[in-house]
Amino acid sequence: MFFGGLLMLTVGAAIMGLYATSATGSHWTLTPVQARLFSGFLALIALLAWITVLLGAYVIYPWYRAHAPAGTLDLSGYPQRLLMSKPSTTGWHDIGMEWKEHIAWFAPISLTVVAYLFSRYGKDLHALKSVRRAIFGLIALAFFATCVAAFFGAMLNKFAPVRGGSVITLMHEESHDE
Amino acid sequence: MSDPDEGASANGAGAAAVLAAGIGGCVLGLCALAGDASASIGHLFNIWNPTGPLSGVTSAAILAWLVAWGLLSRHWSGRRVNLGRINLISALLMVVGLLLTFPPFMDLLQGK
C-alpha cells in the first residue's frame, strides 16, 4: 500500500509537470538542467512502478493466496480462502483481486515508455503533437491502472488483511506485567 | 489519418516504443484470458508456484513487450512513421488488453 500510494502521488505530479511544460500555449520552456531532472524523475517513477508490481506479485501475493491446511477453521491467516468462504465477500477476490493482479502491470510498462519518450523528445514536446498525445495517453493509463490496483488493494486489505509470515514484525504489543 | 508532426524529424524510435507498449498490454490480456479459460495453459503459466499462473502471464507479456520494442526499434530507428496512426493502434491494443483483464468481461467471453 505504501508503494502504491506513493506511485499514485508521483504519477499525479508527473501529469501536472508534463502538462505545465508541454501543453500548447505553455510559456514554460525547460532548460537543459530542468529537462534532465524531470527525465530522471520520470525514470524514478517507472522504477517505483516496477518495484511495486514485483513486490506485490512475488512477496505479498504468495501470502494472500496461501493454502490453508485441511481442517483449518480460522482462515484469518489465509486471505484468499477467507474471502472465498462467504458469498458476501467472494466478489472481492473474483473481481477485485483478479483484476488488480493483472491491471497493475499496465502501469510500469506505460511509465517506462513515458520516461523513454520524454528523455528522447522532451525538449521538443511543444512541437510534437503526436508524441505528446502518446505520452499523455500512456501516463493516463498508468494512473488509471494504479488507482484501480490501489483501490482494490485497500479494500481487500480491509476485508481480509494480508499479515504475511511470522518473520516480519514491525510493532509489538506493550507489556503491562509490572 | 494525417500526422500532426508532419515535417518534424525522425520519430521511428518513439513510435516503436508506443506500439510495443500496446502489444505488451494486449498480450497481457490474452495470456490472462488463456490462463483463466484453460487449466492446462494455466498450469503452463505457473512458472513460480507461490505466485501461480500470474508469474507466467506477466513474464510472457513483459517478454512480448521487450521483444516487440527491440524488433520495431531496429526496423523504424532513424525513420519517420505516422505516429498518429501508431497511437490509435496502440490505444486499441491497450483497450483490448484492459478488457481482457476485467473479470466480468473474461467470464462473458467464456460463457460463465
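Residues numbered from 1 in each chain as written. Chains lettered and ligands numbered in written order. Predicted model: local features only at pLDDT ≥ 70, side-chain atom pairs only at ≥ 80, totals over all residues.

## A look at the overall build of chain B
Here's step 1: Across its full length, chain B carries 5 helices and 0 strands.
Here's step 2: Reading chain B from its N terminus to its C terminus gives the helix and strand order α-α-α-α-α.
Here's step 3: Here the C-alpha atoms of chain B give a radius of gyration of 17 Å, more than 25% beyond the 13 Å that 2.2 N^0.38 yields for 112 residues.
Here's step 4: Projected onto its principal axes, the C-alpha coordinates of chain B cover approximately 50 × 30 × 15 Å. (Helix = DSSP H or I, 4+ residues; strand = E, 2+ residues; numbered from the N terminus. Rg over C-alpha atoms; globule rule 2.2 N^0.38 Å.)

## Some words on the overall build of chain A
Here's step 1: The secondary structure content of chain A amounts to 6 helices and 0 strands.
Here's step 2: Seen in sequence order, chain A has helices and strands lined up from the N terminus as α-α-α-α-α-α.
Here's step 3: Counting only C-alpha atoms, chain A reaches 65 × 45 × 20 Å along its principal axes.
Here's step 4: By the burial criterion, 38% of the 178 residues in chain A qualify as buried.
Here's step 5: Across chain A, every contact between residues at least 6 apart in sequence was considered, and the portion connecting residues at least 24 apart equals 77%. (Buried ≥ 20, exposed ≤ 12 C-beta atoms within 10 Å, placed from the backbone. Contact = placed C-beta atoms within 7 Å.)

## Focus on the interface of chain B and chain A
As a measure of interface size, the accessible area lost when the parts come together is often cited.
Here's step 1: Residue-level contacts link 31 residues of chain B with 31 residues of chain A.
Here's step 2: Taken together, the residues of the side of chain B that touches chain A sort by class into 19 nonpolar, 10 polar and 2 charged. (Nonpolar A, V, L, I, M, F, W, Y, C, P; charged D, E, K, R; others polar.)

## What about the confidence of the model for chain B?
Here's step 1: When pLDDT is averaged along chain B, the result is 93, and 93% of the positions lie at 70 or above.
Here's step 2: Scored by ipTM, the complex comes to 0.93, with pTM at 0.90. (pLDDT = per-residue confidence, 0-100.)

## Some thoughts on helix H1 (residues 2-22) of chain A
All names here are of chain A.
Here's step 1: In a regular helix each residue adds 1.5 Å, so 21 residues correspond to 30 Å; H1 covers 30 Å between its end C-alpha atoms and thus fits that length.
Here's step 2: Within H1, the full set of buried residues consists of Gly4, Leu7, Val11, Ala14, Leu18 and Ser22. Looking straight down H1, one finds that the buried residues subtend no more than 80° of arc, so they occupy a single side. Away from its buried face, by an angle of more than 90 degrees, H1 presents the exposed residues Phe2, Leu9, Ala13, Met16 and Ala20. (Expected span 1.5 Å × (residues − 1). Arc of directions from axis to C-beta.)

## Here we look at the nonpolar core
Here's step 1: One finds Val114(A), Leu117(A) and Ala20(B) to be the most contacted residues of the largest nonpolar core, which totals 78 residues.
Here's step 2: At the level of secondary structure, the elements contributing two or more residues to this core comprise H1, helix H2 (32-64), helix H4 (90-103), helix H5 (106-121) and helix H6 (129-159) of chain A together with helix H1 (12-37), helix H3 (53-76) and helix H4 (83-101) of chain B.
Here's step 3: Among the elements that take part in this core, H1(B) stands out by supplying 14 residues, more than any other.
Here's step 4: Discounting residues that sit within four places of it in the chain, Ala20(B) has contacts with Trp65(B), Ala68(B), Trp69(B) and Leu72(B). (Core = buried A, V, L, I, M, F, W, Y, C linked by C-beta atoms within 7 Å.)

## Some details on the environment of Leu42(A)
Residues and elements named next belong to chain A.
Here's step 1: Structurally, Leu42 is set in helix H2.
Here's step 2: Using a count of 26 C-beta atoms within 10 Å as the deciding quantity, one classes Leu42 as buried.
Here's step 3: Each C-alpha atom, one on Leu42 and one on Leu18, is 9.9 Å from the other, the two residues being 24 residues apart in sequence.
Here's step 4: With residues near it in sequence (within four places) discarded, Leu42 still touches Ala14, Val114, Ala115 and Phe118.

## Focus on the confidence of the model for chain A
Here's step 1: Considering every residue of chain A, the mean pLDDT works out to 87; 91% of them sit at 70 or more.
Here's step 2: Across chain A, element-level confidence peaks in H5(A) with a mean pLDDT of 97 and bottoms out in helix H3 (residues 79-84) of chain A with 89.

## Thoughts on the packing of H4(A) against H6(A)
The relative placement of two packed helices is expressed as an angle between their axes plus a distance between the axes.
All names here are of chain A.
Here's step 1: Where H4 contacts H6, the axes come no closer than 9 Å and their chain directions differ by 140°. Classified by the angle their axes make, H4 and H6 are oblique. Of the two possible hands of crossing, H4 and H6 adopt the one that is left-handed. Of H6, the residues touching H4 (which contributes Trp92, Gly96, Met97, Trp99, Lys100 and Ile103) are Ala145, Val148, Ala149, Phe152, Gly153, Met155, Leu156 and Phe159.
Here's step 2: A per-class count over the contact of H4 with H6 returns 11 nonpolar, 2 polar and 1 charged. (Axes fitted to C-alpha atoms, helices over the stretch in contact; angles between N-to-C directions. Parallel < 35°, antiparallel > 145°, perpendicular 65-115°, else oblique. Left-handed = near helix turned anticlockwise from the far one by under 90°.)

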